[in-house]
Amino acid sequence: MFGVRLVDCHDKYFNLPTFVGKCKRELFSFIKSRVWNKVKGWNSFLFSQAGKETLIKVMFQAIPSYTMSCFKMPKRLIKDIHRLISWFWWESNAGWRLIRFPDFLVGKVLKGCYFPNCSFLEAKIGGSPSYTWMSIWWGRELIEMGSRWRVGSGDMIRVVEDRWILNNNSFRILDPPPFLDDFCVSDLCTPNGSWDADFIRNLFGDVVAMDILSIPVGSLEHEDTFIWHHIRDGEYSVKSGYKTALILNALTPRLLTSGGSLFDS
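Residues numbered from 1 in each chain as written. Predicted model: local features only at pLDDT ≥ 70, side-chain atom pairs only at ≥ 80, totals over all residues. Heavy atoms only, no water.

**Focus: the environment of Ala123**
Stage number 1. Mapped onto the elements, Ala123 comes out in the loop between helix H7 (105-114) and helix H8 (131-137).
Stage number 2. The exposure class assigned to Ala123 is buried, which follows from its relative accessible area of 1%.
Stage number 3. If sequence neighbours within four positions are ignored, Ala123 has contacts with Phe115, Cys118, Trp133, Trp137 and Arg140. (Helix = DSSP H or I, 4+ residues; strand = E, 2+ residues; numbered from the N terminus. Buried < 20%, exposed > 50% of the residue type's maximum accessible area, 1.4 Å probe, protein only. Contact = heavy atoms within 4.5 Å.)

**Digging into unusual backbone geometry**
Backbone geometry follows two general trends: most residues other than glycine have a negative phi, and most peptide bonds adopt the trans configuration.
Stage number 1. Within the chain, Phe171 stands out as a residue other than glycine whose phi angle is a positive 60°.
Stage number 2. Within the secondary structure layout, Phe171 lies in the loop between strand S3 (147-150) and helix H10 (197-204).
Stage number 3. Look at Asp175: it is not a glycine, yet its phi comes out positive at around 55°.
Stage number 4. Residue placement: Asp175 occurs in the loop between S3 and H10.

**Some details on the layout of surface pockets**
Stage number 1. Each pocket or cavity is described by its volume, and for the largest pocket that value is around 670 Å³.
Stage number 2. Surrounding the largest pocket, 24 residues form its lining, Ile99, Ser119, Leu121, Trp149 and Phe226 being those nearest its centre.
Stage number 3. Going through the elements one at a time, helix H6 (94-100), H7 and strand S4 (225-228) are the ones with two or more residues in the lining of the largest pocket.
Stage number 4. Its residues assigned to classes, the lining of the largest pocket comprises 9 nonpolar, 3 polar and 12 charged. (1 Å grid on protein atoms, 1.4 Å probe; cavity = no way out; pocket = protein on both sides within 12 Å on 5 of 7 lines; lining within 4 Å. Points joined across faces, edges and corners; volume = space filled by probe spheres on them. Nonpolar A, V, L, I, M, F, W, Y, C, P; charged D, E, K, R; others polar.)

**Description of helix H11 (residues 206-213)**
Stage number 1. Within the span of H11, buried status applies to Val208, Ala209, Asp211 and Ile212. Buried residues in H11, looked at end-on, bunch into an arc of 155°, giving them a common side. Turned more than 90 degrees away from the buried face of H11, the exposed residues are Asp206, Val207 and Met210.
Stage number 2. Buried-residue contacts for H11 involve H10. (Arc of directions from axis to C-beta.)

**Considering the nonpolar core**
Stage number 1. If you look at the biggest cluster of nonpolar residues, it comprises 40 residues, and the most contacted ones within it are Val159, Trp164, Leu188, Trp195, Phe204 and Ile212.
Stage number 2. Within the residue set of this core, elements represented by two or more residues are H6, H8, helix H9 (140-146), H10, H11, S4 and helix H12 (238-251).
Stage number 3. Those residues in contact with Leu188 that lie beyond four places of it in its chain are Val159, Trp164, Trp195, Asp196, Phe199, Ile200, Leu203, Phe204 and Ile212.
Stage number 4. Residues Phe28, Trp36, Leu84 and Val238 belong to the second largest nonpolar core, which totals 12 residues. (Core = buried A, V, L, I, M, F, W, Y, C linked by side-chain atoms within 4.5 Å.)

**Here's the deal with the confidence of the model for the chain**
Stage number 1. The share of residues in the chain with pLDDT of 70 or more is 69%, and the mean pLDDT across the chain is 76.
Stage number 2. Counting contacts from residues 253-265, a segment whose pLDDT is below 50, to residues more than four positions away or on other chains yields 39 contacts. (pLDDT = per-residue confidence, 0-100.)

**Considerations on the environment of Asn167**
Stage number 1. Its location among the elements puts Asn167 in the loop between S3 and H10.
Stage number 2. Linking Asn167 and Val208, residues 41 residues apart in sequence, is a C-alpha distance of 9.2 Å.
Stage number 3. Leaving out residues up to four positions away in the same chain, Asn167 has contacts with Asp211 and Ser214.

Structure follows, in structure tokens:
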């Protein structure tokens with residue numbers, strides 16, 4: 001009568017669902033996506049703590065407020081959003097900085113308090129950890145599973161313990177001989193820095209030897225480098241870490257032991 005079109009079913013009204021079924025978490029997943037798009041769009045290193053606090057209050061917490069004024073949000077979805085905001089607040093790559101740049105001031109303080117005799121990847125949560133340390137330590141397993149060594153001189157890489165083999169998901173040698181515990185990768189090289197092919201084949205057999213010999217070995221002057229495997233330049237990023245966590249959770253939901261999955265999809 002007034003030229004208004006009749007629609008059989010309105011899926012959304014003012015961007016809110018008109019029908020809520022059993023899968024509430026999936027229905028409201030668009031809120032988590034919007035928060036994540038904001039998180040990955042900002043470089044946390046460009047902001048002070050006060051600046052990040054303002055962003056969280058003004059932007060991140062405002063995103064779900066309209067929906068929450070009309071619907072009760074699923075607890076797991078709220079927990080996911082809290083994790084994303086915590087990731088932004090605590091600079092999710094703070095753990096990566098502890099590995100790559102151990103000499104910066106905060107890194108020295110944390111090392112002295114929580115892992116004075118080992119590396120960050122070998123550190124334990126401790127008996128009375130601070131909230132800062134718990135937040136950084138929370139992402140340690142993800143960094144470990146997505147990173148590896150790039151071989152230079154081989155002096156810093158342990159043959160058995162460290163992750164440096166390219167052709168398997170663990171980046172480690174599977175079923176190594178028992179007497180190699182104290183070997184470094186440089187022990188598998190000739191004096192001029194190239195692989196000792198005959199020695200490697202005698203130690204590991206043809207299959208593992210092929211994996212090792214396929215790795216480019218650096219010169220004696222080049223240091224071994226700890227890199228994030230999933231980015232070409234080897235430097236960790238929040239976006240790549242998030243994608244890796246989703247893949248790991250899909251493959252092995254209980255692989256991460258610190259409270260289960262990092263991000264429940």
